[in-house]
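What the coordinates show
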Amino acid sequence: MALNASELNEGDSFSEVVAEDLSRTQIVQYAGASGDYNPLHSDEVFAKEVGGYPTVFAHGMLSMGMTGRMLTNYVGDGRLTKFGVRFSRQVFPGDTLTATATVEAVREEGGEHFIDLAVSTTNQKDEEVVKGSASARVDA
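Residues numbered from 1 in each chain as written. Predicted model: local features only at pLDDT ≥ 70, side-chain atom pairs only at ≥ 80, totals over all residues. Heavy atoms only, no water.

Some words on helix α3 (residues 60-75)
Three or four residues apart is the spacing at which side chains of an α-helix point the same way, because the helix has 3.6 residues per turn. Just so we agree on the cut-off: Helix and strand labels come from DSSP, where a helix needs a run of H or I of at least four residues and a strand needs a run of E of at least two; each type is numbered from the N terminus. By this rule, a helix spans an expected 1.5 Å times one less than how many residues it contains. Only protein chains enter the accessibility calculation, which uses a 1.4 Å probe. A residue is then buried if its area is under 20% of the maximum for its type, exposed if over 50%, and partly exposed in between.
Compared with an ideal rise of 1.5 Å per residue, which puts 16 residues at 22 Å, α3 spans 23 Å between its outermost C-alpha atoms and is within 8% of the ideal. If you check which residues of α3 are buried, you get Leu62, Ser63, Met64, Met66, Thr67, Gly68, Met70, Leu71, Tyr74 and Val75. Glycine 76, located one to two residues past α3, shows a positive phi value of around 105°.

Concerning the sheet that holds strand β4 (residues 112-122)
Note the threshold: The pairing criterion for strands is at least two bridges between them, as found by DSSP. Axes here mean lines fitted to C-alpha atoms, for a helix over just the part in contact, with angles spanning 0 to 180 degrees between N-to-C directions. Contacts: residue pairs with any heavy atoms within 4.5 Å of one another.
Here five strands make up an open sheet; going across it, the order is β1-β3-β4-β5-β2 and the pairing antiparallel. Two strands in the sheet have a free side with no partner beyond their single neighbour: β1 (13-19) and β2 (80-87). Strand-to-strand, the axes of this sheet are offset by a mean angle of 20°, without reference to chain direction. Note that β2 and strand β5 (residues 128-138) share seven bridges and pair antiparallel. Bridge assignment links valine 85 to a residue of β5, and that residue is glycine 132. Across the face of the sheet, α3 comes into contact with β1, β2, β3 (97-109), β4 and β5 while running at roughly 145° to β2.

Structure below.
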């Protein structure tokens with residue numbers, strides 16, 4: 001089902017749990033898929049003793065990817081025209097993440113319709129871990 005500009009309003013939002021009880025296995029799998037083998041993401045001793053963290057933590061791009069999945073679930077595949085984030089805090093094993101997109105603008109440009117979205121992903125403590133923006137093409 002496609003989103004229609006005529007049915008969207010500023011302030012409309014869509015939320016989705018994108019990770020429930022994030023596992024170390026998921027983090028290591030992402031390391032393999034991305035080629036990012038920084039020991040902060042997989043070596044408990046290194047993360048604590050060298051990095052000063054309480055434990056290993058997820059790659060920022062893993063958090064961004066999960067947030068992006070929420071966006072494509074909301075707007076549909078092939079409709080995102082822009083997506084950018086900044087990482088606000090670490091995501092640790094055991095975290096549950098909820099991503100939210102909020103409509104900031106519904107606009108027309110060159111005969112096409114778009115929505116601009118504020119994007120936020122929070123952990124189970126309601127702490128923001130990812131903040132960003134996105135734009136997507138929508139139907140009239």
